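The lines below spell out each chain.
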Amino acid sequence: MAEFLSVAAGFPTVVFSAALMVVVGFWLLVLFGAAEHDTYDADVNADALHLGGVPVAVSASVFVVLGWFLSFTGSVLLTDAGLHGAPLLSLEAALLGASVLGSWWLTRRVVRPLARLLPDEPAPSRQDFIGLTCTIRTGRVDSGFGQAEVTARDGSTALVQVRRNEGEARAAGKGLGLGLGSTGLLYAYEEAGEFFWVAPFDAALDPRG
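Residues numbered from 1 in each chain as written. Predicted model: local features only at pLDDT ≥ 70, side-chain atom pairs only at ≥ 80, totals over all residues. Heavy atoms only, no water.

Focus: the sheet that holds strand S2 (residues 147-151)
Phase 1 of the analysis: As summarised here, the arrangement of the five strands in space is S1-S2-S3-S5-S4, forming a closed barrel in which the pairing is mixed. Pairwise comparison of adjacent strand axes, ignoring direction, gives a mean angle of 55° for this sheet.
Phase 2 of the analysis: Across three bridges, the pairing between strand S1 (residues 133-136) and strand S4 (residues 183-190) is antiparallel. Note on S4: the bridge partner recorded for Cys134 is Gly184. (Pairing = 2+ DSSP bridges. Helix = DSSP H or I, 4+ residues; strand = E, 2+ residues; numbered from the N terminus. Axes fitted to C-alpha atoms, helices over the stretch in contact; angles between N-to-C directions.)

If you want it as structure tokens, here you go:
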């Protein structure tokens, strides 16, 4: 046990030991609900290091754990070799660099399968379409029939089922119909029927325009 603590607290393993303590503390905060696993996603560009696809905290944790293991193993081997002085210091510095590079290389390969299990972006939802305008693709839209094409915020398009509240349509009067090629506003989603409620949209009344 004493030898383990000596190596863990000695150079270069102590660099990763300190980082490992931070990692453990962070995941304890996540476990108790005091932090989110994606807290640092907006602050760090993991893609630049080819470690994207999972939350930054996950890739950083894997990197630290692997780096600690490589550094610890290398330090044990250097201790057993009985080296001292300048040769030992040179090899310890080289071990630190090798541990960083080795951990980065291994983390890249661990992150790839994790990316399929832990996506760093939420899956698209029909709720994302609410509040967007659409183009009617059927000759009419009523309480039982209608389709429209909507463009999502990411640029993708989808053909969705739409319905119009007939009571609102009668109250609105003429001039606000929904026919082929007209523009509508998706304002609610009906889970039971799997369709959107749509209303006529007048660009001139759009407060954003």
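Let's talk about unusual backbone geometry
Phase 1 of the analysis: A cis amide bond links Phe11 to the next residue, Pro12, at an omega of 5°.
Phase 2 of the analysis: The topology assignment puts Pro12 in the loop between helix H1 (2-8) and helix H2 (13-31).
Phase 3 of the analysis: One non-glycine residue with positive phi stands out, namely Glu194, at about 55°.

Looking at a nonpolar patch on the surface
Phase 1 of the analysis: Taken together, the side chains of Val24, Leu28, Leu31 and Phe32 make up a nonpolar region of the molecular surface, amounting to roughly 460 Å² of accessible area.
Phase 2 of the analysis: Mapped onto the elements, Val24 comes out in helix H2.
Phase 3 of the analysis: Residue classification places Val24 among the partly exposed positions, given a relative accessible area of 46%. (Patch = residues over 30% accessible without salt bridge, like charges linked within 9 Å, V, L, I, M, F, W, Y side chains within 5 Å. Areas by Shrake-Rupley, 256 points an atom, 1.4 Å probe, with all protein chains shown as cover. Salt bridge = Lys/Arg side-chain N within 4 Å of Asp/Glu carboxyl O. Buried < 20%, exposed > 50% of the residue type's maximum accessible area, 1.4 Å probe, protein only.)

Let's talk about the environment of Asp142
Phase 1 of the analysis: Inspection of the secondary structure assignment puts Asp142 in the loop between S1 and S2.
Phase 2 of the analysis: Leave out the neighbours within four places in its chain, and Asp142 touches Val162, Arg163, Arg164 and Glu166.
Phase 3 of the analysis: Within polar-contact distance, the side chain of Asp142 engages the backbone nitrogen of Phe145 at 2.8 Å. (Contact = heavy atoms within 4.5 Å. Polar contact = N/O pair within 3.5 Å; in protein donor to acceptor, adjacent residues only side chain to side chain.)

Considering the pairing of S2
Phase 1 of the analysis: Only one face of S2 is covered, namely the face carrying Ala148 and Val150; the face carrying Gln147, Glu149 and Thr151 is uncovered.
Phase 2 of the analysis: Of the pairings in the sheet, the one linking S1 to S2 comprises three bridges and is antiparallel in character. Across the sheet, residue Thr135 finds its bridge partner in S2, namely Glu149.
Phase 3 of the analysis: With five bridges connecting them, S2 and strand S3 (residues 157-163) associate as antiparallel partners. Bridge assignment links Gln147 to a residue of S3, and that residue is Gln161.
Phase 4 of the analysis: Between S2 and S3, which follow one another and run antiparallel, lie five residues, and Gly155 among them has a positive phi close to 95°.

Some details on helix H3 (residues 56-81)
Phase 1 of the analysis: Here H3 contains 26 residues, and its C-alpha end-to-end distance of 37 Å stays within 8% of the 38 Å for a straight helix at 1.5 Å per residue.
Phase 2 of the analysis: Two residues or fewer after H3 comes Gly82, characterised by a positive phi angle close to 70°. (Expected span 1.5 Å × (residues − 1).)

As for the environment of Ser75
Phase 1 of the analysis: Assignment of secondary structure puts Ser75 in helix H3.
Phase 2 of the analysis: Taking relative accessible area as the criterion, Ser75 reaches 7% and is therefore assigned buried.
Phase 3 of the analysis: Counting along the chain gives 21 residues from Ser75 to Leu96, while the straight-line C-alpha distance between them is 9.6 Å.
Phase 4 of the analysis: Not counting chain neighbours up to four residues away, the residues in contact with Ser75 comprise Val7, Phe11, Pro12, Thr13 and Leu95.

Some remarks on the packing of H2 against H3
Phase 1 of the analysis: Between H2 and H3, the least distance of the axes is 9 Å, while the angle of their chain directions is 145°. Both H2 and H3 take part in a crossing whose hand is left-handed. The segment H2 lies against H3, with Thr13, Phe16, Ser17, Ala19, Leu20, Val23, Phe26 and Trp27 engaging Ala57, Val58, Ser61, Phe63, Val64, Val65, Gly67, Trp68, Ser71, Phe72 and Ser75.
Phase 2 of the analysis: Its residues assigned to classes, the contact of H2 with H3 shows 13 nonpolar, six polar and no charged. (Left-handed = near helix turned anticlockwise from the far one by under 90°. Nonpolar A, V, L, I, M, F, W, Y, C, P; charged D, E, K, R; others polar.)

Quick notes on the nonpolar core
Phase 1 of the analysis: Of all hydrophobic cores here, the largest spans 15 residues; its most connected members are Phe129, Cys134, Val150, Val162, Leu186, Phe196 and Val198.
Phase 2 of the analysis: Of all elements in the fold, only S1, S2, S3, S4 and strand S5 (195-200) reach the threshold of two or more residues within this core.
Phase 3 of the analysis: With residues near it in sequence (within four places) discarded, Val198 still touches Cys134, Val141, Val162, Arg163, Arg164, Leu178, Gly184, Leu185, Leu186 and Tyr187.
Phase 4 of the analysis: If you look at the next biggest cluster of nonpolar residues, it comprises five residues, including Val7, Ala8, Phe16 and Trp68. (Core = buried A, V, L, I, M, F, W, Y, C linked by side-chain atoms within 4.5 Å.)

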